[in-house]
Amino acid sequence: LNLVGADTEDLQHLAGTSYPAHGMLTGQFHGKGTRANPEFSGLFDLSGAAAGSWRFDRARGQLTVGGNEVRISNAEVRLPAHAKGEPAGLLTGNFGYHTDTGDVTFDVAGAALPLEAFSQIQSARLPVGGRLNLQARGQGPWKSPEVHATLRLIDLKLGNDIVGSFDGKVDS
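Quick notes on the rules
Residues numbered from 1 in each chain as written. Predicted model: local features only at pLDDT ≥ 70, side-chain atom pairs only at ≥ 80, totals over all residues. Heavy atoms only, no water. Helix = DSSP H or I, 4+ residues; strand = E, 2+ residues; numbered from the N terminus. Buried < 20%, exposed > 50% of the residue type's maximum accessible area, 1.4 Å probe, protein only. Polar contact = N/O pair within 3.5 Å; in protein donor to acceptor, adjacent residues only side chain to side chain. Contact = heavy atoms within 4.5 Å. Patch = residues over 30% accessible without salt bridge, like charges linked within 9 Å, V, L, I, M, F, W, Y side chains within 5 Å. Areas by Shrake-Rupley, 256 points an atom, 1.4 Å probe, with all protein chains shown as cover. Salt bridge = Lys/Arg side-chain N within 4 Å of Asp/Glu carboxyl O. Phe/Tyr/Trp six-rings, centres within 6.5 Å; stacked < 30°, edge-to-face > 60°. pLDDT = per-residue confidence, 0-100. Core = buried A, V, L, I, M, F, W, Y, C linked by side-chain atoms within 4.5 Å.

1. Regarding the side chain of Thr8
Then step 1. Here Thr8 lies in helix α1 (residues 8–15).
Then step 2. Overall, the relative accessible area of 12% leaves Thr8 in the buried class.
Then step 3. Side-chain polar atoms of Thr8 contact the backbone nitrogen of Gly23, separated by 2.9 Å.
Then step 4. With residues up to four places along the chain from it excluded, the contact list for Thr8 reads Ala21, His22, Gly23, Leu25 and Leu46.

2. Description of a nonpolar patch on the surface
Then step 1. Residues Leu126, Leu158, Val163 and Phe166 make up a contiguous nonpolar surface patch of roughly 310 Å² in combined accessible area.
Then step 2. Checked against the element boundaries, Val163 lands in strand β10 (residues 161–171).
Then step 3. For Val163, a relative accessible area of 41% gives the class partly exposed.

3. Describing the pattern of salt bridges
Then step 1. Following the criterion strictly, the structure yields eight salt bridges and no others.
Then step 2. Among the ionic pairs, Glu39 bridges to Lys32, the shortest N-O distance being 3.9 Å.
Then step 3. Look at Lys32 and you get exposed, because its relative accessible area is 58%.

4. Details of the packing of aromatic side chains
Then step 1. This model, assessed by the stated rule, comprises three aromatic pairs.
Then step 2. Plain terms: the ring middles of Phe29 and Phe40 are 5.4 Å apart, the flat faces sit at 5 degrees to each other, and that makes the pair stacked. In this pair, Phe29 is assigned in strand β2 (residues 21–33) and Phe40 in strand β3 (residues 38–51), connecting sequence segments eleven residues apart.
Then step 3. For Phe29, a relative accessible area of 5% gives the class buried.
Then step 4. Note on Phe40: relative accessible area 33%, which makes it partly exposed.
Then step 5. Summarising the aromatic geometry, the rings of Phe95 and Trp142 are spaced 6.2 Å apart at their centres and angled 80 degrees between planes, so their arrangement reads as edge-to-face. Of the two residues, Phe95 is situated in strand β6 (residues 89–98) and Trp142 in the loop between β8 (128–141) and β9 (146–158); the sequence distance between them amounts to 47 residues.
Then step 6. Ring pairing ties together the aromatic residues Phe95, Tyr97 and Trp142, which thus form one cluster.

5. Quick look at unusual backbone geometry
Then step 1. A positive phi angle, near 55 degrees, is found at Ala112, a position not held by glycine.
Then step 2. Mapped onto the secondary structure, Ala112 falls in strand β7 (residues 103–114).
Then step 3. Not every positive phi belongs to a glycine, and Asp155 is a case in point at roughly 50 degrees.
Then step 4. Structurally, Asp155 can be placed in strand β9.

6. Let's talk about the confidence of the model for the protein
Then step 1. Residues at a pLDDT of 70 or more form 100% of the protein, whose mean pLDDT is 92.
Then step 2. Of all the helices and strands in the protein, α1 carries the lowest mean pLDDT, 84, while β9 carries the highest, 97.

7. Observations regarding the nonpolar core
Then step 1. By size, the foremost hydrophobic cluster in this structure holds 24 residues, and its most contacted members are Leu25, Phe29, Leu46, Phe56, Leu113 and Leu115.
Then step 2. Elements with a minimum of two residues in this core: β1 (2–7), β2, β3, β4 (54–66), β5 (69–79), β7, β8 and β9.
Then step 3. With four residues, β8 is the single largest residue contributor to this core.
Then step 4. Not counting residues up to four positions away in its chain, the partners in contact with Phe56 are Leu46, Gly48, Ala49, Ala51, Val77, Arg78, Leu79 and Pro80.

What follows is the structure, encoded as structure tokens:
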């Protein structure tokens, strides 16, 4: 199956699903298996996309579905630059979801992620700015995986003040 600029809302309607994710999908996909045990794989490129409150310019990677697992390998997600002349954020890595247990596995790296794009940490009284670099890996239940990450906040800005750059490590 070859898709070029297919609206994901139309595809979801055809599949009888409704997820808060939208964009224009281009890709080449292959399927095999049986109705009871289907397998599906392909390269995808999703542009002008949104998933919940997240917005991104482009997402691409290798999608594999089968054997109670959904896996995205060699993923690359480009976040829009917050302001003209600022770098666009980039996330790369691998993600797996086990449909039978609800467990996830992931190994991701992020570079120049604009903190201004994270609406969850913004407030009118104290806007937060700067860039985030990270490396994170984890596994476990979708809502509470074990996570190991290193973080670097670059030029952290609170309100109008740049307070510096910080390194951190997270283990949960």
